[in-house]
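The chain contents come next:
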Amino acid sequence: MKNFEPILSNNITTELPLIIAGPCSAESESQVLQIAGELNANGINVFRAGIWKPRTKPGGFEGVGSKGLDWLRKVKQQYGMYVSTEVANKNHVIEAVSSGVDILWIGARTCANPFAMQEIADTLEMLSIDIPVLIKNPVNPDLELWIGGIQRIYNAGIRRIGAIHRGFSVYGKHIYRNQPQWHLPIELHRRFPDLSIIHDPSHVGGKREFVSTLSQQALDLGFDGLMIETHDNPDCALSDKDQQITPKALFEILSKLVYRKKDQTNEILNQLRQQIDEYDYELIELLAKRMSVCREIGEYKKEKAISIVQNKRYDEIMSSRVLRANQLGLSSEFIVKVLESVHTESIRQQIDVFRKE
(Lines give C-alpha, C1' and ligand atoms only; values in the text may rest on other atoms or scores of the structure.)
Protein backbone atom coordinates (compact mmCIF):
# COMPACT_ATOMS: atom_id res chain seq x y z
CA MET A 1 0.00 0.00 0.00
CA LYS A 2 1.19 3.49 -0.84
CA ASN A 3 -0.09 6.83 -2.08
CA PHE A 4 -2.48 7.50 0.78
CA GLU A 5 -4.24 10.82 0.44
CA PRO A 6 -5.18 13.35 3.15
CA ILE A 7 -8.33 12.44 5.05
CA LEU A 8 -9.92 15.73 4.03
CA SER A 9 -9.40 17.15 0.55
CA ASN A 10 -6.74 19.80 0.09
CA ASN A 11 -9.25 22.60 -0.51
CA ILE A 12 -10.64 22.25 3.02
CA THR A 13 -9.01 24.56 5.54
CA THR A 14 -8.44 22.82 8.86
CA GLU A 15 -6.07 23.43 11.70
CA LEU A 16 -3.47 20.79 12.32
CA PRO A 17 -3.77 18.47 14.00
CA LEU A 18 -7.22 17.43 12.87
CA ILE A 19 -9.72 17.50 15.74
CA ILE A 20 -12.81 15.29 15.56
CA ALA A 21 -15.26 15.72 18.43
CA GLY A 22 -18.78 14.81 19.46
CA PRO A 23 -20.68 12.42 21.69
CA CYS A 24 -20.04 8.71 21.97
CA SER A 25 -23.67 8.22 20.96
CA ALA A 26 -26.27 10.40 19.32
CA GLU A 27 -29.06 10.34 21.91
CA SER A 28 -31.54 12.92 20.66
CA GLU A 29 -31.81 15.56 17.96
CA SER A 30 -31.59 18.37 20.50
CA GLN A 31 -28.51 16.85 22.14
CA VAL A 32 -26.72 16.42 18.81
CA LEU A 33 -27.46 19.98 17.66
CA GLN A 34 -26.57 21.46 21.05
CA ILE A 35 -23.13 19.82 21.10
CA ALA A 36 -22.47 20.52 17.43
CA GLY A 37 -23.33 24.19 17.90
CA GLU A 38 -20.90 24.59 20.80
CA LEU A 39 -18.14 22.77 18.94
CA ASN A 40 -18.66 24.73 15.74
CA ALA A 41 -18.64 28.05 17.60
CA ASN A 42 -15.13 27.23 18.78
CA GLY A 43 -13.66 26.18 15.45
CA ILE A 44 -14.26 22.42 15.42
CA ASN A 45 -15.48 21.45 11.96
CA VAL A 46 -15.64 17.65 12.11
CA PHE A 47 -18.45 16.20 14.21
CA ARG A 48 -18.63 12.58 15.34
CA ALA A 49 -21.53 10.60 16.81
CA GLY A 50 -22.29 6.90 16.91
CA ILE A 51 -25.78 5.82 15.91
CA TRP A 52 -25.20 2.07 15.76
CA LYS A 53 -23.45 1.02 18.96
CA PRO A 54 -21.96 -2.46 19.38
CA ARG A 55 -22.44 -3.61 22.98
CA THR A 56 -20.64 -6.44 24.70
CA LYS A 57 -23.89 -7.80 26.13
CA PRO A 58 -27.49 -7.48 24.88
CA GLY A 59 -29.86 -5.18 26.68
CA GLY A 60 -27.67 -2.10 26.77
CA PHE A 61 -28.09 1.06 24.74
CA GLU A 62 -27.26 0.05 21.17
CA GLY A 63 -27.77 3.44 19.56
CA VAL A 64 -30.75 5.23 18.07
CA GLY A 65 -30.24 3.65 14.67
CA SER A 66 -30.98 5.09 11.28
CA LYS A 67 -33.04 8.04 12.53
CA GLY A 68 -29.79 9.49 13.88
CA LEU A 69 -28.67 10.06 10.29
CA ASP A 70 -31.32 12.78 9.97
CA TRP A 71 -29.80 14.54 12.98
CA LEU A 72 -26.34 14.41 11.42
CA ARG A 73 -27.76 15.84 8.22
CA LYS A 74 -29.13 18.79 10.22
CA VAL A 75 -25.68 19.35 11.74
CA LYS A 76 -24.33 19.74 8.20
CA GLN A 77 -27.15 22.04 7.18
CA GLN A 78 -27.09 24.31 10.23
CA TYR A 79 -23.39 24.49 10.96
CA GLY A 80 -21.59 23.43 7.78
CA MET A 81 -19.67 20.80 9.71
CA TYR A 82 -18.40 17.51 8.34
CA VAL A 83 -20.11 14.58 10.05
CA SER A 84 -18.84 11.09 10.77
CA THR A 85 -20.29 7.92 12.22
CA GLU A 86 -19.33 4.28 12.80
CA VAL A 87 -20.30 1.56 10.34
CA ALA A 88 -20.06 -2.17 10.92
CA ASN A 89 -21.80 -3.83 7.97
CA LYS A 90 -23.08 -3.38 4.41
CA ASN A 91 -26.38 -1.77 5.39
CA HIS A 92 -24.68 0.75 7.66
CA VAL A 93 -22.39 1.85 4.82
CA ILE A 94 -25.21 2.20 2.30
CA GLU A 95 -27.44 4.15 4.69
CA ALA A 96 -24.66 6.44 5.91
CA VAL A 97 -23.43 7.26 2.41
CA SER A 98 -26.99 7.80 1.13
CA SER A 99 -27.60 10.23 4.00
CA GLY A 100 -24.57 12.34 3.17
CA VAL A 101 -22.21 11.27 5.97
CA ASP A 102 -18.79 12.70 5.11
CA ILE A 103 -16.47 10.35 7.01
CA LEU A 104 -16.98 6.72 7.99
CA TRP A 105 -15.14 5.05 10.81
CA ILE A 106 -14.82 1.36 11.55
CA GLY A 107 -14.70 0.24 15.17
CA ALA A 108 -12.24 -1.99 16.99
CA ARG A 109 -14.54 -5.01 17.15
CA THR A 110 -15.25 -4.80 13.42
CA CYS A 111 -11.58 -4.36 12.51
CA ALA A 112 -10.87 -7.62 14.35
CA ASN A 113 -13.26 -9.46 12.00
CA PRO A 114 -11.83 -9.94 8.47
CA PHE A 115 -15.23 -11.07 7.15
CA ALA A 116 -16.88 -7.84 8.32
CA MET A 117 -14.01 -5.76 6.94
CA GLN A 118 -14.28 -7.45 3.56
CA GLU A 119 -18.05 -6.89 3.50
CA ILE A 120 -17.52 -3.18 4.12
CA ALA A 121 -14.76 -3.05 1.51
CA ASP A 122 -16.93 -4.80 -1.08
CA THR A 123 -19.77 -2.37 -0.37
CA LEU A 124 -17.53 0.66 -0.79
CA GLU A 125 -16.21 -0.75 -4.07
CA MET A 126 -19.77 -1.46 -5.27
CA LEU A 127 -20.83 2.11 -4.48
CA SER A 128 -17.72 3.43 -6.24
CA ILE A 129 -17.44 6.45 -3.99
CA ASP A 130 -14.57 8.60 -2.77
CA ILE A 131 -15.11 8.91 0.97
CA PRO A 132 -12.65 9.07 3.87
CA VAL A 133 -12.58 5.92 6.02
CA LEU A 134 -10.99 5.81 9.46
CA ILE A 135 -10.07 2.39 10.85
CA LYS A 136 -9.66 1.82 14.57
CA ASN A 137 -7.10 -0.69 15.75
CA PRO A 138 -8.51 -4.13 16.63
CA VAL A 139 -9.27 -4.81 20.28
CA ASN A 140 -6.28 -7.15 20.58
CA PRO A 141 -2.71 -5.90 20.03
CA ASP A 142 -2.26 -7.39 16.57
CA LEU A 143 -0.58 -4.98 14.18
CA GLU A 144 -0.90 -7.30 11.19
CA LEU A 145 -4.66 -7.59 11.74
CA TRP A 146 -4.89 -3.78 11.81
CA ILE A 147 -2.87 -3.52 8.61
CA GLY A 148 -4.99 -6.24 7.03
CA GLY A 149 -8.15 -4.24 7.70
CA ILE A 150 -6.58 -1.12 6.21
CA GLN A 151 -5.46 -3.07 3.17
CA ARG A 152 -8.97 -4.41 2.51
CA ILE A 153 -10.34 -0.85 2.41
CA TYR A 154 -7.39 0.28 0.29
CA ASN A 155 -8.00 -2.55 -2.19
CA ALA A 156 -11.59 -1.29 -2.57
CA GLY A 157 -10.18 1.86 -4.16
CA ILE A 158 -10.34 4.11 -1.10
CA ARG A 159 -7.24 6.28 -0.72
CA ARG A 160 -8.36 8.75 1.94
CA ILE A 161 -7.74 6.35 4.80
CA GLY A 162 -6.83 7.12 8.39
CA ALA A 163 -5.95 4.86 11.30
CA ILE A 164 -7.42 5.53 14.74
CA HIS A 165 -5.36 4.45 17.72
CA ARG A 166 -7.82 3.67 20.54
CA GLY A 167 -5.63 1.36 22.63
CA PHE A 168 -5.72 -2.40 23.16
CA SER A 169 -7.62 -4.62 25.55
CA VAL A 170 -5.51 -6.67 27.94
CA TYR A 171 -6.46 -8.85 30.87
CA GLY A 172 -6.24 -7.57 34.43
CA LYS A 173 -6.49 -4.21 36.16
CA HIS A 174 -4.57 -1.30 34.67
CA ILE A 175 -4.48 2.46 34.92
CA TYR A 176 -6.06 2.93 31.50
CA ARG A 177 -9.16 1.31 30.05
CA ASN A 178 -7.17 0.21 27.00
CA GLN A 179 -3.39 0.01 27.03
CA PRO A 180 -1.80 2.51 24.59
CA GLN A 181 1.02 0.21 23.48
CA TRP A 182 2.41 3.20 21.59
CA HIS A 183 4.96 1.04 19.80
CA LEU A 184 2.21 -0.44 17.60
CA PRO A 185 0.94 2.82 16.01
CA ILE A 186 4.56 3.96 15.84
CA GLU A 187 5.45 0.86 13.84
CA LEU A 188 2.37 1.39 11.66
CA HIS A 189 3.59 4.91 10.93
CA ARG A 190 7.09 3.61 10.15
CA ARG A 191 5.72 1.20 7.57
CA PHE A 192 3.21 3.66 6.06
CA PRO A 193 4.51 7.20 6.66
CA ASP A 194 1.79 8.78 4.48
CA LEU A 195 -1.05 7.16 6.43
CA SER A 196 -2.77 9.62 8.77
CA ILE A 197 -2.93 8.35 12.36
CA ILE A 198 -5.43 9.81 14.81
CA HIS A 199 -5.35 9.21 18.56
CA ASP A 200 -8.49 8.49 20.58
CA PRO A 201 -7.63 9.45 24.18
CA SER A 202 -11.22 8.86 25.31
CA HIS A 203 -11.11 5.11 24.68
CA VAL A 204 -7.50 4.68 25.73
CA GLY A 205 -7.93 6.41 29.09
CA GLY A 206 -11.48 5.39 29.86
CA LYS A 207 -11.74 8.37 32.23
CA ARG A 208 -12.00 12.03 31.36
CA GLU A 209 -9.07 13.02 33.57
CA PHE A 210 -6.68 11.19 31.24
CA VAL A 211 -7.76 12.94 28.03
CA SER A 212 -5.37 15.87 28.33
CA THR A 213 -2.23 13.85 29.13
CA LEU A 214 -2.87 11.23 26.46
CA SER A 215 -3.63 13.89 23.85
CA GLN A 216 -0.32 15.61 24.54
CA GLN A 217 1.56 12.30 24.35
CA ALA A 218 0.02 11.60 20.96
CA LEU A 219 0.99 15.03 19.64
CA ASP A 220 4.52 14.61 21.00
CA LEU A 221 4.74 11.40 18.99
CA GLY A 222 3.67 13.13 15.80
CA PHE A 223 0.08 11.89 15.49
CA ASP A 224 -2.00 13.70 12.87
CA GLY A 225 -5.10 14.35 14.93
CA LEU A 226 -7.33 13.59 17.88
CA MET A 227 -10.80 12.08 18.17
CA ILE A 228 -12.28 13.13 21.51
CA GLU A 229 -15.70 12.16 22.83
CA THR A 230 -17.59 15.30 23.87
CA HIS A 231 -21.00 15.45 25.52
CA ASP A 232 -23.10 18.32 26.87
CA ASN A 233 -23.86 16.36 30.07
CA PRO A 234 -21.34 13.52 30.34
CA ASP A 235 -22.53 12.17 33.67
CA CYS A 236 -25.92 11.42 32.13
CA ALA A 237 -24.61 9.97 28.86
CA LEU A 238 -26.21 6.72 27.71
CA SER A 239 -22.82 5.20 26.86
CA ASP A 240 -19.23 5.65 28.06
CA LYS A 241 -20.11 8.49 30.43
CA ASP A 242 -16.85 8.30 32.39
CA GLN A 243 -14.62 9.11 29.42
CA GLN A 244 -16.58 11.95 27.85
CA ILE A 245 -15.87 15.62 28.47
CA THR A 246 -17.91 18.79 27.97
CA PRO A 247 -17.24 21.13 25.04
CA LYS A 248 -15.90 23.67 27.54
CA ALA A 249 -13.42 21.13 28.93
CA LEU A 250 -12.42 20.21 25.38
CA PHE A 251 -11.54 23.80 24.50
CA GLU A 252 -9.55 24.19 27.71
CA ILE A 253 -7.56 21.05 26.88
CA LEU A 254 -6.95 22.09 23.28
CA SER A 255 -5.81 25.57 24.36
CA LYS A 256 -3.11 24.08 26.59
CA LEU A 257 -1.78 21.46 24.19
CA VAL A 258 1.67 22.03 22.71
CA TYR A 259 1.61 21.59 18.94
CA ARG A 260 5.09 20.59 17.89
CA LYS A 261 6.68 20.96 14.50
CA LYS A 262 7.58 17.62 13.03
CA ASP A 263 11.33 17.24 13.05
CA GLN A 264 12.08 13.81 11.64
CA THR A 265 15.19 13.30 13.78
CA ASN A 266 13.56 14.33 17.05
CA GLU A 267 10.33 12.55 16.15
CA ILE A 268 12.08 9.21 15.73
CA LEU A 269 14.00 9.70 18.97
CA ASN A 270 10.83 10.61 20.86
CA GLN A 271 9.06 7.57 19.47
CA LEU A 272 11.85 5.25 20.55
CA ARG A 273 11.95 6.80 24.01
CA GLN A 274 8.20 6.40 24.28
CA GLN A 275 8.59 2.71 23.55
CA ILE A 276 11.20 2.45 26.32
CA ASP A 277 8.82 4.19 28.74
CA GLU A 278 6.00 1.86 27.83
CA TYR A 279 8.09 -1.29 28.23
CA ASP A 280 9.38 -0.05 31.58
CA TYR A 281 5.84 0.39 32.91
CA GLU A 282 4.84 -3.02 31.55
CA LEU A 283 7.87 -4.53 33.27
CA ILE A 284 6.92 -2.90 36.58
CA GLU A 285 3.36 -4.20 36.29
CA LEU A 286 4.64 -7.72 35.58
CA LEU A 287 6.99 -7.60 38.55
CA ALA A 288 4.12 -6.49 40.77
CA LYS A 289 2.05 -9.44 39.56
CA ARG A 290 4.97 -11.80 40.21
CA MET A 291 5.34 -10.53 43.76
CA SER A 292 1.64 -11.00 44.34
CA VAL A 293 2.08 -14.68 43.48
CA CYS A 294 5.12 -14.83 45.78
CA ARG A 295 2.98 -13.61 48.66
CA GLU A 296 0.44 -16.34 47.93
CA ILE A 297 3.28 -18.88 48.00
CA GLY A 298 4.38 -17.38 51.32
CA GLU A 299 0.90 -17.89 52.75
CA TYR A 300 0.93 -21.52 51.66
CA LYS A 301 4.43 -22.16 53.06
CA LYS A 302 3.43 -20.57 56.35
CA GLU A 303 0.32 -22.72 56.59
CA LYS A 304 2.23 -25.92 55.76
CA ALA A 305 5.33 -25.03 57.82
CA ILE A 306 7.58 -25.04 54.73
CA SER A 307 10.79 -23.02 54.77
CA ILE A 308 10.94 -19.91 52.63
CA VAL A 309 14.16 -20.64 50.73
CA GLN A 310 14.06 -23.63 48.39
CA ASN A 311 17.54 -23.93 46.85
CA LYS A 312 16.63 -26.57 44.30
CA ARG A 313 13.82 -24.43 42.93
CA TYR A 314 16.10 -21.38 42.84
CA ASP A 315 18.74 -23.27 40.83
CA GLU A 316 16.11 -24.46 38.36
CA ILE A 317 14.85 -20.92 37.85
CA MET A 318 18.32 -19.49 37.32
CA SER A 319 19.42 -22.11 34.78
CA SER A 320 16.20 -22.08 32.72
CA ARG A 321 15.86 -18.28 32.69
CA VAL A 322 19.50 -17.71 31.79
CA LEU A 323 19.14 -20.15 28.89
CA ARG A 324 16.04 -18.36 27.63
CA ALA A 325 17.69 -14.96 28.03
CA ASN A 326 20.68 -16.12 26.00
CA GLN A 327 18.35 -17.26 23.22
CA LEU A 328 16.90 -13.73 23.13
CA GLY A 329 20.30 -12.06 22.93
CA LEU A 330 20.70 -11.08 26.60
CA SER A 331 23.96 -11.76 28.43
CA SER A 332 24.16 -14.24 31.29
CA GLU A 333 25.74 -11.63 33.57
CA PHE A 334 22.87 -9.22 33.04
CA ILE A 335 20.04 -11.67 33.58
CA VAL A 336 21.71 -13.22 36.63
CA LYS A 337 21.84 -9.78 38.29
CA VAL A 338 18.20 -9.17 37.45
CA LEU A 339 17.07 -12.57 38.75
CA GLU A 340 19.11 -12.20 41.93
CA SER A 341 17.37 -8.90 42.65
CA VAL A 342 13.97 -10.42 41.89
CA HIS A 343 14.75 -13.39 44.15
CA THR A 344 15.81 -11.09 46.99
CA GLU A 345 12.56 -9.15 46.74
CA SER A 346 10.58 -12.40 46.55
CA ILE A 347 12.14 -13.58 49.81
CA ARG A 348 11.40 -10.24 51.45
CA GLN A 349 7.76 -10.48 50.40
CA GLN A 350 7.46 -13.96 51.89
CA ILE A 351 9.21 -12.95 55.12
CA ASP A 352 6.62 -10.19 55.54
CA VAL A 353 3.91 -12.84 55.18
CA PHE A 354 5.55 -15.07 57.81
CA ARG A 355 5.79 -12.16 60.27
CA LYS A 356 2.09 -11.41 60.14
CA GLU A 357 -0.04 -12.98 62.81
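Before any of the text, the structure's been laid out above.
The numbering scheme is per chain: residues are counted from 1 as the chain's sequence reads. Reporting of local features is limited, given that this is a predicted model, to residues whose pLDDT is at least 70; pairs of side-chain atoms are given and counted only at 80 or more, and all residues count toward the totals for whole chains, interfaces and linings. For the side-chain quantities, the full set of heavy atoms in the structure was used; hydrogens and water were omitted.

K.L.:
Just give me the short version of the packing of helix H3 (residues 90-98) against helix H5 (residues 114-127), but keep the residues and values in it.
P.N.:
Axes here refer to lines fitted to C-alpha atoms; in helices the fit is confined to the stretch in contact. Angles between the N-to-C directions go from 0 to 180 degrees. The secondary structure listing takes helices from DSSP runs of H or I that are at least 4 residues long and strands from runs of E that are at least 2 residues long, numbered from the N terminus. In the contact formed by H3 and H5, the axes pass within 8 Å of each other and the chain directions differ by 35 degrees. Between H3 and H5 the crossing geometry is right-handed. The segment H3 lies against H5, with Lys90, Val93, Ile94 and Val97 engaging Glu119, Ile120, Thr123, Leu124, Met126 and Leu127. Among the residues forming the contact of H3 with H5, the class breakdown is seven nonpolar, one polar and two charged. Helix crossings get a hand from a simple test, with the near helix turned counterclockwise from the far one by less than a right angle marking a left-handed crossing and a clockwise turn marking a right-handed one. Residues count as neighbours in contact if any of their non-hydrogen atoms are within 4.5 Å of one another. Here the term charged refers only to Asp, Glu, Lys and Arg, the term nonpolar to Ala, Val, Leu, Ile, Met, Phe, Trp, Tyr, Cys and Pro, and the term polar to all other amino acids, Gly among them.

K.L.:
How would you explain the packing of aromatic side chains if you had to name every residue and give the values?
P.N.:
Centre distance within 6.5 Å is the pairing criterion for rings of Phe, Tyr and Trp, where only the six-membered ring of Trp is used; planes under 30 degrees apart are then read as stacked, over 60 as edge-to-face, and the remainder as tilted. If you walk through the whole model with that rule in mind, you get five aromatic pairs. Ring-pair connections join several aromatic residues into one group, and the members of that group are Phe4, Tyr154 and Phe192. The lysine or arginine in question, Arg159, covers the ring of Tyr154, its NZ or CZ lying 3.7 Å from the ring centre. Whether a charge sits over a ring comes down to the Lys NZ or Arg CZ being within 6 Å of the ring centre and within 35 degrees of the ring normal.

K.L.:
Mind laying out the layout of surface pockets, listing which residues take part and the relevant values?
P.N.:
A cavity here means a set of 1 Å grid points, computed over protein atoms only, where a 1.4 Å probe fits but cannot escape. A pocket is an open set with protein on both sides within 12 Å along at least 5 of 7 lines, and lining residues have an atom within 4 Å of a point. Grid points are joined across faces, edges and corners, and a volume is the space filled by probe spheres set on the points. In this model, the largest pocket occupies a volume close to 830 Å³. Looking at the largest pocket, it is lined by 29 residues, and the ones nearest its centre are Arg290, Ile317, Arg321, Leu339 and Val342. Among the secondary structure elements, those contributing two or more residues to the lining of the largest pocket are helix H11 (264-304), helix H12 (311-327) and helix H13 (332-355). Of the residues assigned to the lining of the largest pocket, the class counts are 20 nonpolar, four polar and five charged.

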